[in-house]
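Here is what each chain is made of, one letter per residue.
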Amino acid sequence: MTKRTLLFLLTGVAFIIQTDTIAQGPWAQGKGKGYTQFVYNTIPTYSGIFIGGGTRTTAREISETVFLLYGEEGISDRITIGGNIPFMMVETGAPSSASREPLYAEGQLNNLGNVSAFGKYSFSHKSLKMAVIAQVTFPTSARQTDTGLSTGVNAYSFQPRFSIGGSNSKWY
């Protein structure tokens with residue numbers, strides 16, 4: 001596995017985990033109401049990744065753990081603000097069963113992932129709920145050159161979204 005592939009894999013997993021909790025759908029919290037959630041996610045030690053319908057063996061065993069604090073608060077009946085703060089622990093261990101020499105040193109990195117904040121404007125038409133969401137992600141992650149480990153992407157990002165759902169017939 002090349003350095004670039006390992007970095008891409010680790011940052012991709014970090015990005016997917018973070019964007020999974022964005023804005024909890026089209027529903028507004030309502031003025032003065034809020035919601036918080038603590039998320040724990042772990043991927044136990046693995047040495048294979050799925051690429052193109054097959055499995056590729058990594059040069060080292062890898063494990064990942066994420067603790068994420070998510071929250072949102074209604075500042076009006078239609079406007080909700082919020083964000084998340086991920087703390088990530090990524091580690092490479094012993095060489096896997098691959099016959100090649102690992103490119104990176106064994107190591108561990110514990111640091112913030114990419115912190116994000118969002119604003120959501122909710123509107124509805126009878127039972128149909130809709131919202132426009134704007135999220136900004138900040139480059140608060142860390143990277144180790146010698147181990148190739150990273151807890152996120154070293155870049156700002158802006159993600160506009162449109163969310164639609166319903167509540168009477170339980171479709172989302």
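The rules we used
- Residues numbered from 1 in each chain as written.
- Predicted model: local features only at pLDDT ≥ 70, side-chain atom pairs only at ≥ 80, totals over all residues.
- Heavy atoms only, no water.
- Pairing = 2+ DSSP bridges.
- Helix = DSSP H or I, 4+ residues; strand = E, 2+ residues; numbered from the N terminus.
- Core = buried A, V, L, I, M, F, W, Y, C linked by side-chain atoms within 4.5 Å.
- Buried < 20%, exposed > 50% of the residue type's maximum accessible area, 1.4 Å probe, protein only.
- pLDDT = per-residue confidence, 0-100.
- Contact = heavy atoms within 4.5 Å.
- Polar contact = N/O pair within 3.5 Å; in protein donor to acceptor, adjacent residues only side chain to side chain.
- Phe/Tyr/Trp six-rings, centres within 6.5 Å; stacked < 30°, edge-to-face > 60°.

Colleague: Could you give an account of the pairing of strand β2 (residues 54-74), with specific residues and numbers?
Modeller: Relative to β2, strand β1 (residues 34-51) runs antiparallel, the two being bridged by 15 bridges. Each residue of the ladder has a partner; that of G34, found in β2, is E73. Between the end of β1 and the start of β2, which pair antiparallel, lie two residues, with G52 showing a positive phi angle near 55 degrees. Direction of pairing for β2 relative to strand β3 (residues 79-95): antiparallel, over a ladder of 14 bridges. Counted as the bridge partner of E72 is G82 from β3. The turn linking β2 back onto β3 is made up of four residues.

Colleague: Let's hear about the nonpolar core: which residues, and what values?
Modeller: Listed in full, the seven residues of the largest apolar core are V66, L68, Y70, M88, F118, A131 and I133. Those elements that provide at least two residues to this core are β2 and β6 (128-137). Of all the elements, β2 adds the most residues to this core, at three residues.

Colleague: Can you tell me about the confidence of the model for the protein chain, naming the residues and giving the values?
Modeller: Taken as a whole, the protein chain shows an average pLDDT of 83; of its residues, 80% reach a score of 70 or greater. The weakest mean pLDDT in the protein chain belongs to helix α1 (residues 3-19) at 55; the strongest belongs to strand β4 (residues 107-112) at 95. Note that pLDDT drops below 50 for residues 16-22; the model gives that stretch 17 contacts with residues more than four away or on any other chain.

Colleague: Describe the side chain of T65, listing the residues and the values that go with them.
Modeller: Note that T65 resides in strand β2. Look at T65 and you get buried, because its relative accessible area is 15%. At 3.2 Å, the side chain of T65 and the side chain of T42 are in polar contact. Discounting chain neighbours no more than four positions away, the residues touching T65 are Y40, N41, T42, F87, M88 and M89.

Colleague: How would you summarise the packing of aromatic side chains if you had to cite specific residues and measurements?
Modeller: Scanning all chains against the criterion turns up seven aromatic pairs. Aromatic pair F138 and Y156: ring centres 6.1 Å apart, planes at 80 degrees, arrangement edge-to-face. With F138 in the loop between β6 and β7 (157-166) and Y156 in the loop between β6 and β7, this pair connects stretches of sequence that are 18 residues apart. Classification of Y156 as exposed rests on a relative accessible area of 62%. Linked through ring pairs, Y35, Y70 and F118 together constitute an aromatic cluster.

Colleague: Help me get a handle on the environment of K33, residues and values and all.
Modeller: Relative to the elements of secondary structure, K33 occurs in the loop between α1 and β1. Beyond its immediate chain neighbours, meaning those up to four positions away, K33 contacts E72, E73 and G74.

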